[in-house]
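Structure assessment
Here's the letter readout for the chains.
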Amino acid sequence: DTNKEGELVKAMMNNFAIAISLGLQYGVPLEEYVDAFIDTKFEPSGNVVGNDRILSASSILDYVFRELAISYLGKEELDEPNDFSNNEKKIKTKTDNSLNQSSHAIIIGLDKITAKSSQIKIDLNEIKKFGPLEIKILKCGKVKINNKIDDVAYMQVKDLSKSENEKVFIFNGWTFSSDPNLTPFDHAIYDLQLVNCNTA
């Protein structure tokens, strides 16, 4: 009976929240809970919609304690889970070390069918459309890698050609202007490439 299962989960989570609250009131450090529950893995998991600070989580508990750690302990480094791919870890290290934040990104959008391209200027946290694609830039700036300056952006893209895709990112990650193949944007009809990040 799914209704009974739903009630069971709801009751368990409510009582778990009470237990955590009592523990905090009686002196258990929040750091202890954060260390215990961050990176716990169970479904549902994946991309987070509606929170620009936490882009993905490995479980509901992971999300909750990641949010508490950022909001109350100032641990901004806990904005994403630790189960990244090697490429994602490499990119996160590069960008977190020396990102000089810019105010907007310049992106080239290409229609592979018509060979028509458009230059798109997107301010941070602004949403722009290219065909059925909805594009949002969360971070954009310049980093120094191997003594060379590169432009890098954290980009989220949705394909709105089908209504069921409205809440699903077809791309959610870092992209580099000098090497877009490091984290390729893969779409049958459209291509997006970061040109640069600017402050003017």
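Here the structure is a predicted model, which is why all the values come from computation and not from measurement.

Here we look at the overall build of the chain
- In terms of regular secondary structure, the chain is built from four helices and ten strands.
- Looking at the 200 residues of the chain, the share that counts as buried comes to 38%.
- Taking the intrachain contacts of the chain between residues at least 6 apart in sequence as the baseline, contacts between residues at least 24 apart amount to 48%.
- For the chain, the exposed area adds up to about 11900 Å²; of that, 51% sits on carbon and sulfur atoms.

A word on the packing of aromatic side chains
- Throughout the structure, instances matching the rule amount to eight aromatic pairs.
- On the numbers, 6.5 Å between centres and 20° between planes, the contact of Tyr33 with Phe37 is stacked. With a gap of four residues between them, Tyr33 and Phe37 both fall in helix α2 (residues 30–37), about one helical turn apart.
- Joined through ring pairs, the aromatic side chains of Phe16, Tyr33, Phe37 and Phe65 make up one cluster.

Quick word on the nonpolar core
- Ile107, Ile135, Ile137, Met155, Val157 and Leu192 are the most contacted members of the largest nonpolar core, which has 18 residues in total.
- With sequence-adjacent residues up to four places away left out, Met155 is seen in contact with Ile107, Ile135, Lys136, Ile137, Phe171, Asn172, Gly173, Thr175 and Leu192.
- Core analysis: the second largest hydrophobic core is formed by eight residues, Ile20, Tyr33, Val34 and Phe65 among them.

Observations concerning the pattern of salt bridges
- Under the defined criterion, the tally for this structure stands at four salt bridges.
- When the shortest N-O distance is used, the salt bridge between Arg66 and Asp39 registers 3.0 Å. Residue Arg66 is found in helix α3 (residues 60–73), and its partner Asp39 is found in the loop between α2 and β1 (46–47); the two are separated by 27 residues along the sequence.
- Given a relative accessible area of 1%, Arg66 falls into the buried group.

Here's the deal with α3
- If you check α3, its first and last C-alpha atoms are 19 Å apart, about what 14 residues at 1.5 Å a residue would give, namely 20 Å.
- Looking at α3, one finds that the buried residues are Leu61, Asp62, Phe65, Arg66, Glu67, Ala69 and Ile70.
- The first or second residue beyond α3 is Gly74, which carries a positive phi of 70°.

A short note on the environment of Ile38
- Relative to the helices and strands, Ile38 is located in the loop between α2 and β1.
- Taking the C-alpha atoms as reference, Ile38 lies 7.6 Å from Tyr63; in sequence the two are 25 residues apart.

Describing the sheet that holds strand β4 (residues 104–111)
- Taken together, three strands build an open sheet; the order of strands is β5-β4-β10 and the sheet is antiparallel. Whereas interior strands pair on both sides, the edge strands pair on one side only; in this sheet they are β5 (116–123) and β10 (190–198). Averaged over all pairs of adjacent strands, the angle between strand axes in this sheet comes to 20°, irrespective of strand direction.
- Across eight bridges, β4 lies against β10 in antiparallel orientation. Its bridge partner lying in β10, Ile107 is registered against Leu194.

Regarding a nonpolar patch on the surface
- A cluster of nonpolar side chains, namely Val9, Met13, Phe42, Ile60 and Val64, defines an oily patch on the protein surface of about 390 Å² accessible area.
- Contributions of two or more residues to the nonpolar patch are made by α1 (2–25) and α3.
- Along the chain, Val64 turns up in helix α3.

Focus on the environment of Asp52
- Inspection of the secondary structure puts Asp52 in the loop between β1 and β2 (56–57).
- Here Asp52 falls in the partly exposed class, since its relative accessible area comes to 41%.
- A C-alpha to C-alpha distance of 8.6 Å links Asp52 and Asn125, two positions 73 residues apart in sequence.
- Not counting residues up to four positions away in its chain, the partners in contact with Asp52 are Asn125, Lys136 and Leu138.

What counts and what doesn't
- Just so you know, the residues in each chain are numbered from 1, in the order the chain's sequence is written.
- The predicted origin of the model limits local features to residues at a pLDDT of at least 70 and limits the giving and counting of side-chain atom pairs to 80 or more, whereas totals for whole chains, interfaces and linings rest on all residues.
- The side-chain values count all of the structure's non-hydrogen atoms but skip hydrogen atoms and water molecules.
- Secondary structure is summarised from DSSP: a helix means a run of H or I of at least four residues, a strand means a run of E of at least two, and numbering begins at the N terminus for each.
- Each residue is assigned to one of three classes by its accessible area relative to the maximum for its type, calculated with a 1.4 Å probe on protein chains only: buried under 20%, partly exposed between the two thresholds, exposed over 50%.
- Residues count as neighbours in contact if any of their non-hydrogen atoms are within 4.5 Å of one another.
- Using a 1.4 Å probe, the Shrake-Rupley method yields the accessible areas, and only the shown protein chains count as cover for residues.
- Aromatic pairs are defined between Phe, Tyr and Trp rings, using the six-membered ring for Trp, whenever the two ring centres lie within 6.5 Å; interplanar angles under 30 degrees are classed as stacked, those over 60 as edge-to-face, and all others as tilted.
- Throughout this description, the term nonpolar core refers to a set of buried Ala, Val, Leu, Ile, Met, Phe, Trp, Tyr and Cys residues connected via side-chain atoms within 4.5 Å.
- Salt bridges, as used here, are contacts in which a Lys or Arg side-chain nitrogen is within 4 Å of a carboxyl oxygen on Asp or Glu.
- Here, expected helix span is obtained from the residue count minus one, scaled by 1.5 Å.
- Pairs of strands are assigned from DSSP output, requiring at least two bridges between the strands.
- Only the contacting stretch of a helix is used when fitting its axis, a line to C-alpha atoms as for every element, and angles between N-to-C directions run 0 to 180 degrees.
- Any residue with relative accessible area above 30% and no salt bridge may belong to a patch, with like charges joined within 9 Å and the nonpolar Val, Leu, Ile, Met, Phe, Trp and Tyr side chains within 5 Å.

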